[in-house]
Every structure is written in structure tokens, then in C-alpha cells.
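Overview (structure and organization)
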Amino acid sequence: MILLNSQWYCRSRKVPKKSDLRKFVHRAAETAGLPVTPAWCCNILFVGDRRMAQMNMDLLGHEGTTDVITFSYFDEQPVPEAGDVMVELIVNPEAAVREGAKRPGGYSREVALYIVHGMLHSAGEDDLSDVPRRRMRRRERECMAVLEKEFDLSLLFPDSLDS
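Cut-offs applied
Residues numbered from 1 in each chain as written. Predicted model: local features only at pLDDT ≥ 70, side-chain atom pairs only at ≥ 80, totals over all residues. Heavy atoms only, no water. Salt bridge = Lys/Arg side-chain N within 4 Å of Asp/Glu carboxyl O. Helix = DSSP H or I, 4+ residues; strand = E, 2+ residues; numbered from the N terminus. Buried < 20%, exposed > 50% of the residue type's maximum accessible area, 1.4 Å probe, protein only. Pairing = 2+ DSSP bridges. Axes fitted to C-alpha atoms, helices over the stretch in contact; angles between N-to-C directions. Contact = heavy atoms within 4.5 Å.

On to the pattern of salt bridges. As enumerated under the stated definition, the model contains 13 salt bridges in all. The salt bridge partner of Glu-30 is Arg-27, with a shortest N-O separation of 2.5 Å. Placement of the pair is Glu-30 and Arg-27 together in helix α1 (residues 18–32), with a separation of 3 residues, close to one helical turn. Glu-30 sits in the partly exposed class, given a relative accessible area of 33%. If you follow the salt bridges from partner to partner, you end up with Glu-99, Lys-102, Arg-103 and Glu-110 in one network.

Here it is in C-alpha cells:
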């Protein structure tokens, strides 16, 4: 099972249960085509718009907020060793609230999609031009279809603090 370090800095959303989040991240990596043995580590920060905009500028030189930032070390080390940090994600639940309001599945599905998107980038998918973007969107749909059968996303990522 993939090891997970996660920190939640978005007070407007409920923190997912760590054991459930770890299972979801493991399956997201697996469905994206990443190796899941030996047990490598994934670090995830969940941050709001302001912190995401700052990190986007500091880390990538991009202005403004975004939904997810991915750092993958599989290119540098295709075969991980146990405990190695191989993927780092910065996920913005506030973006998921906005985008989820426009799409089926709402916030819960959208934040899950950001994790899948990051795992697909880590598996070598790209979305910077038309043909790779279409392939990535297809892979996102495939991965999400598997995960939605195995996880109740509304319980994993509740839409409010009251849930």
C-alpha cells in the first residue's frame, strides 16, 4: 500500500479520514498505471486559493491560483524503493468547490479528479496540447469510473463541514 503524508490547510472543507484517503490515493495511482510496490510515498497538501496562488508563483513561476500542481519523480527514478517520495501533489479544494458547482458529482468528484489528474501526470500523461489532452481526459474518465465504483466520494470528500 502506498504511504501517504497529507496536510489539510483549507478550513472551509472537512478533512478526509486519513485511512480512507490513503486507500483512495493508492487506487488512484494504480488505476493511473503507476507501480504500487514497493510502498513508495505520496505527499499531498490541500490548500486554498491564496496559498495555491503563492505556491504556483514560487514553484512554477505561474501567476494565479490553479486546481492541482504535480511533482513526479518517476522520470528520475522509474523503479521506486520502499519509502521514497515519488509523487507530491498540491490540491486546491476551493477550486473544486467552484468547478464542482458546474459539473455532475460536485465538489466531492472534482477534488477526487484533481488527485487522479496528478497521478496521471505522474504516469506520464500530458495535457499541454490537443492530442495528449484528449488522451488525458479519456484516461481521467476511465480512472474515475473505476474509483466511483469502489469509493463513495461524497463520504470521502464531504461537501461541507457539517457532513
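Next comes the rest of the write-up.
Turning to the sheet that holds strand β1 (residues 3–9), a few remarks are in order. Spatially, 4 strands are ordered β1-β2-β4-β3 in an open sheet, and the strand pairing comes out mixed. This sheet does not close on itself; its edge strands, each paired only once, are β1 and β3 (68–72). Within this sheet the neighbouring strands show an average axis-to-axis angle of 10°, counted without direction. Both strand β2 (residues 41–47) and strand β4 (residues 85–91) contribute to a ladder of 6 bridges, which runs parallel. What sits directly across from Leu-45, in β4, is Ile-90. On the sheet, helix α4 (residues 106–122) packs against β1, β2, β3 and β4 and is oriented at approximately 145° with respect to β4.

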